[in-house]
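Chain by chain, the residues:
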Amino acid sequence: MSLTDSGIELDLNSAGTRFTAQTINGKTMVRMRIRDILLVAVICAMFLGAPANASEDISVSAPKSSLDLIQADYQSGIITQSEKLVNEVVAVFAPDKLADKYRTDQMTLIKSGTELAIEIKDNWSLFDSDQQAALSAMLFRPSMDNQFTSPSGRFRIHYDTTGIEPVPTLDSDEDGIPDFVERIALYSDSAATVYHDILGYLPVVIDTAGGNSAYDLFLVSIAAYGATIPEFPGDSSWNDYGAYTMIHRNFYGFLPNDDPEGDTIGAMKVTCAHEYFHAVQLAYDYDASNNLWWMEETATAMEEYIFPEVNDNLNYLPYFFNYPARSLRSTVNYHMYGAFIWPLYLTNRFDESIVKHSWEACRNNLPEIAIDSALAPFGFTTAGVFNDFVSENYFTGDRAKITSFYSDAPDYPEIVLDQSFTGVRLDSIQPVTRPDGLGANYIELTVDSTDQGIIEFDLEGSDLVRWGLSAIFITDTFDTTVESVSGWGNPVHLYFPFVEDYDKIIVAPAVVSKYLTANNYHLTVNLQPYGDANFDRTVNIGDAIYIVNYVFNGGAGPKPLKESGDANCDGSVNIGDAVSLVNYIFNGGNAPCSNR
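Treat the numbers as computed from the prediction; the structure is a model and nothing was measured.

Procedures and definitions
- Residues numbered from 1 in each chain as written.
- Predicted model: local features only at pLDDT ≥ 70, side-chain atom pairs only at ≥ 80, totals over all residues.
- Heavy atoms only, no water.
- Helix = DSSP H or I, 4+ residues; strand = E, 2+ residues; numbered from the N terminus.
- Buried < 20%, exposed > 50% of the residue type's maximum accessible area, 1.4 Å probe, protein only.
- Areas by Shrake-Rupley, 256 points an atom, 1.4 Å probe, with all protein chains shown as cover.
- Salt bridge = Lys/Arg side-chain N within 4 Å of Asp/Glu carboxyl O.
- Disulfide = S-S within 2.5 Å.
- Phe/Tyr/Trp six-rings, centres within 6.5 Å; stacked < 30°, edge-to-face > 60°.
- Lys NZ or Arg CZ within 6 Å of the ring centre and 35° of its normal.
- Pairing = 2+ DSSP bridges.
- Axes fitted to C-alpha atoms, helices over the stretch in contact; angles between N-to-C directions.
- Polar contact = N/O pair within 3.5 Å; in protein donor to acceptor, adjacent residues only side chain to side chain.
- Bend = angle between axes of the 7 residues up to and from the residue.
- Core = buried A, V, L, I, M, F, W, Y, C linked by side-chain atoms within 4.5 Å.
- Contact = heavy atoms within 4.5 Å.
- Patch = residues over 30% accessible without salt bridge, like charges linked within 9 Å, V, L, I, M, F, W, Y side chains within 5 Å.
- Expected span 1.5 Å × (residues − 1).
- Arc of directions from axis to C-beta.

Caption draft 1: Molecular detail of the overall build of the chain. Helix and strand content of the chain: 16 helices and 19 strands. For the chain, the proportion of its 596 residues judged to be buried stands at 56%. Accessible area for the chain stands at about 24100 Å²; split by element, carbon and sulfur atoms hold 51% of it.

Structure follows, in structure tokens:
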């Protein structure tokens, strides 16, 4: 434990977790740098506050934020949907005006207010005239005393140095502009340079009234990192939109990150990258009710692309890794922020152009179709890569491997298993949590010492969707032997030899279709004995005859794998296997592959 300028810091390096108790404005705030999955889940639940529809994932013992209390009243029928939304906007954009019943000592802090602003816009007809006036006042461009144009000229930053929303006034170079403002300008310029000059995204839609050609940023007190507010339609033939962005005015007490310059600077960087990317997205398409999940996933992934040293997005990964059955398209309980690893995976596996091409296609398509369009030049579809994505997500935390598509995989939480079993002869496994479209289960099988042969997986699920199945074969040494196999369709059949060579198998049923929720399936796991060349589930003279016919008469090969006919396990199928089987069946010889 040590005393620092910002408070008291307690480091507990065991389990890779850092706890920080920091005194801010007379209040002690506890923060954690997360490397353990359970601690991540707890701190996110306690510190962030729950989004409007996230109550099922929040512990009953966790402190309640203002958003939690508002949601509870809505679920109890105490307030209407319109009242809920108005109160949520107050909690995020004007917390000083919040009704007493929703005030709490628990800090309310969300990743981005963009989702809420879009929800208000899309449901404008729900509100009466008084509510509309109140919402307009909170979401309208703030009036601020000072302006600063970024060095590139792309941004005009509005801020106050006095009053109720001042920015930190430290001015190290004494040029009259607070360092905080200059840093926001610098990080926004960096993001814009990458988006427009390097990656080639369209310019954002700007309100040019009065001759201004800069994008407006407002540094204000909100209970979020930032918020991008759609404001007016563009003049393109597609559904583009102009916007402006609010950014928190000081970032004091926000979640920890890995930025070497400190948590506050890290939060500034990722907010500039994240929120400005929302403005970029709106230059392609405003279809919020359908695009929101892809908006947030790609904006959070872009934080990693532009400022990889920060890793603020690690704070949100439990909302994905704890709920793998939940759809990639879900916006429930911050899932879309943790699911940033989907566009990150696509970018790292294929090319950084994947995200850009998807947004180009969003001008005329839903994101689901647009992603397929972006994958088409690489010869893939979402269904064709989703199994691989599911397998990749197993290798994080202590399971991480060198060849991962995620450079920070050791720092990620580990995926939550749906079930675990001992042995590999299992009839009709059904899910505990049924997977949604683009969701998956992970089932762990521990190989028993008596298990031997070719393992068979048979997956049959609801015929309303398409299914994928992946199996990962792991030894105790882990880093030396990791094999995998996958397929998709309905039903799905997978086969893999030499199950006795492995200690653990992870089998992952997944819905590779994009839609429908809570899909049921039946998974059967069995073993085929070595020497069963004709795949009739028994080893007898018929298998020896089958092998002779294959070797000498051009008959069909062993089924379902070559290893089925390799009775002596010498790596090939020949007359020696037929002789070995005859000796076993009639003369008490060694059982097939007993020499392994």
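Caption draft 2: Just the pattern of salt bridges, in detail. Tallied over the full model, the rule gives 21 salt bridges. Note that lysine 514 and aspartate 372 form a salt bridge whose closest N and O atoms lie 3.0 Å from each other. One end of the pair, lysine 514, is in the loop between β18 (504-511) and β19 (521-528); the other, aspartate 372, is in helix α13 (residues 367-375), with 142 residues separating them in the sequence. Comparing lysine 514 with aspartate 372 shows no difference in burial state: the two are buried.

Caption draft 3: Highlighting the state of the cysteines. Overall, the coordinates contain one disulfide when judged by the stated rule. Disulfide partner of cysteine 569: cysteine 593, at an S-S distance of 1.7 Å. A torsion of 85° about the S-S bond marks the disulfide between cysteine 569 and cysteine 593 as right-handed. In this pair, cysteine 569 is assigned in the loop between α15 (541-553) and α16 (575-587) and cysteine 593 in the segment after α16, connecting sequence segments 24 residues apart. On the accessibility criterion, cysteine 593 (1% relative accessible area) is buried.

Caption draft 4: Just the packing of aromatic side chains, in detail. Within the structure shown, the criterion is met by 40 aromatic pairs. The interplanar angle of 80° and the centroid separation of 4.9 Å between the aromatic rings of tyrosine 225 and phenylalanine 254 together place this pair among those described as edge-to-face. In this pair, tyrosine 225 is assigned in strand β9 (residues 224-233) and phenylalanine 254 in the loop between β10 (241-248) and α7 (263-282), connecting sequence segments 29 residues apart. No difference in accessibility class separates tyrosine 225 from phenylalanine 254, as the two residues are buried. Following the ring pairs from residue to residue traces out a cluster consisting of Phe320, Phe321, Trp342, Tyr345, Phe386, Phe389, Phe405, Tyr406 and Tyr412. Between the NZ or CZ atom of arginine 326 and the centre of the ring of tyrosine 323, over which it lies, the distance is 4.7 Å. Sitting above the plane of the phenylalanine 395 ring, lysine 401 keeps its charged end 4.8 Å from the centroid.

Caption draft 5: Representation of the sheet that holds β10. Taken in spatial order, the six strands line up as β5-β9-β10-β8-β7-β6 in an open sheet, and their pairing is mixed. For this open sheet the edge positions go to β5 (110-112) and β6 (146-149), each flanked by a neighbour on one side alone. The mean inter-strand angle of the sheet, taken between neighbouring strand axes irrespective of direction, is 25°. Two strands pair when backbone bridges link them, and β6 and strand β7 (residues 155-159) are joined in this way by four bridges, in the antiparallel orientation. The residue of β7 that forms the bridge with asparagine 146 is tyrosine 159.

Caption draft 6: Up close: the side chain of aspartate 577. Position of aspartate 577 relative to the elements: it lies in helix α16. Polar side-chain contacts of aspartate 577 include one of 3.1 Å to the backbone nitrogen of asparagine 568.

Caption draft 7: Fine view of helix α8 (residues 288-306). Largest kink in α8: about 25°, centred on tryptophan 294. A large share of α8 lies buried, amounting to 16 of its 19 residues.

Caption draft 8: Looking closely at the nonpolar core. Ranked by size, the top nonpolar core spans 131 residues in total, and within it Phe93, Tyr195 and Trp342 carry the most contacts. Residue contributions to this core peak at 11 residues, all from α7. Residues contacting phenylalanine 93, with those up to four places away along its chain left out, are Gly113, Leu116, Met138, Leu139, Ser221, Ile222, Ala227, Ile229 and Met246. Residues Ile429, Ile443, Leu445 and Val492 belong to the second largest nonpolar core, which totals 26 residues.

Caption draft 9: A look at the pairing of β18. Counting buried residues along β18, seven of its eight residues qualify, which places the element largely inside the surrounding structure. As defined by bridge partners, strand β13 (residues 443-446) adjoins β18 across four bridges and the pair is classed as antiparallel. Paired with threonine 446 across the strands is lysine 504, a residue of β18. As paired elements, strand β15 (residues 467-474) and β18 share eight bridges and run antiparallel to each other. Looking across to β18, one finds that isoleucine 472 is bridged to isoleucine 506.

Caption draft 10: Structural detail: the sheet that holds strand β17 (residues 492-496). Taken in spatial order, the four strands line up as β12-β19-β14-β17 in an open sheet, and their pairing is antiparallel. Strands at the two margins of the open sheet, each flanked by one partner only, are β12 (426-429) and β17. Along the sheet, successive strands turn relative to each other by an average axial angle of 15°, direction set aside. In terms of strand pairing, strand β14 (residues 454-461) meets β17 through five bridges, oriented antiparallel.

Caption draft 11: Highlighting a nonpolar patch on the surface. Taken together, Val548, Tyr550, Val551, Phe552, Ile575 and Val579 make up a surface patch of nonpolar side chains, about 480 Å² in accessible area. Among the elements that make up the nonpolar patch, the one with the highest residue count is α15 (four residues). Mapped onto the elements of the fold, valine 548 is located in helix α15.

Caption draft 12: Up close: unusual backbone geometry. Note that the residue after lysine 559, namely proline 560, is joined by a cis bond; omega there is -5°. Take proline 560: it is sitting in the loop between α15 and α16. One non-glycine residue, asparagine 333, adopts positive backbone phi at about 50°. Positionally, asparagine 333 belongs in the loop between α9 (318-321) and α10 (335-338).

Caption draft 13: Broad picture of the environment of valine 205. Note that valine 205 resides in the loop between α6 (179-198) and β8 (215-220). For the pair valine 205 and alanine 243, spaced 38 residues apart in the sequence, the C-alpha separation amounts to 7.2 Å. Here valine 205 is in contact with Phe232, Gly234, Asp240, Tyr241, Gly242, Ala243 and Ala283, once residues within four sequence places are set aside.

Caption draft 14: The environment of valine 573, seen in detail. One can find valine 573 in the loop between α15 and α16. For valine 573 and alanine 533, which are 40 residues apart along the polypeptide, the C-alpha to C-alpha distance reads 9.8 Å. Sequence-distant contacts of valine 573, that is, excluding residues within four places in its chain, are made with Ile547, Tyr550, Val551, Pro558, Lys562, Gly565 and Asp566.

Caption draft 15: Spatial organisation of α15. Between its first and last C-alpha, α15 extends 17 Å over 13 residues, near the 18 Å set by a 1.5 Å rise per residue. Listed as buried for α15 are Asp543, Ala544, Tyr546 and Ile547. Across the axial projection of α15, the buried residues extend over an arc of 160°, all falling on one side. Facing away from the buried side of α15 by more than 90 degrees, the exposed set consists of Ile545, Phe552 and Asn553. Phi turns positive, to about 75°, at glycine 554, one or two residues after α15.

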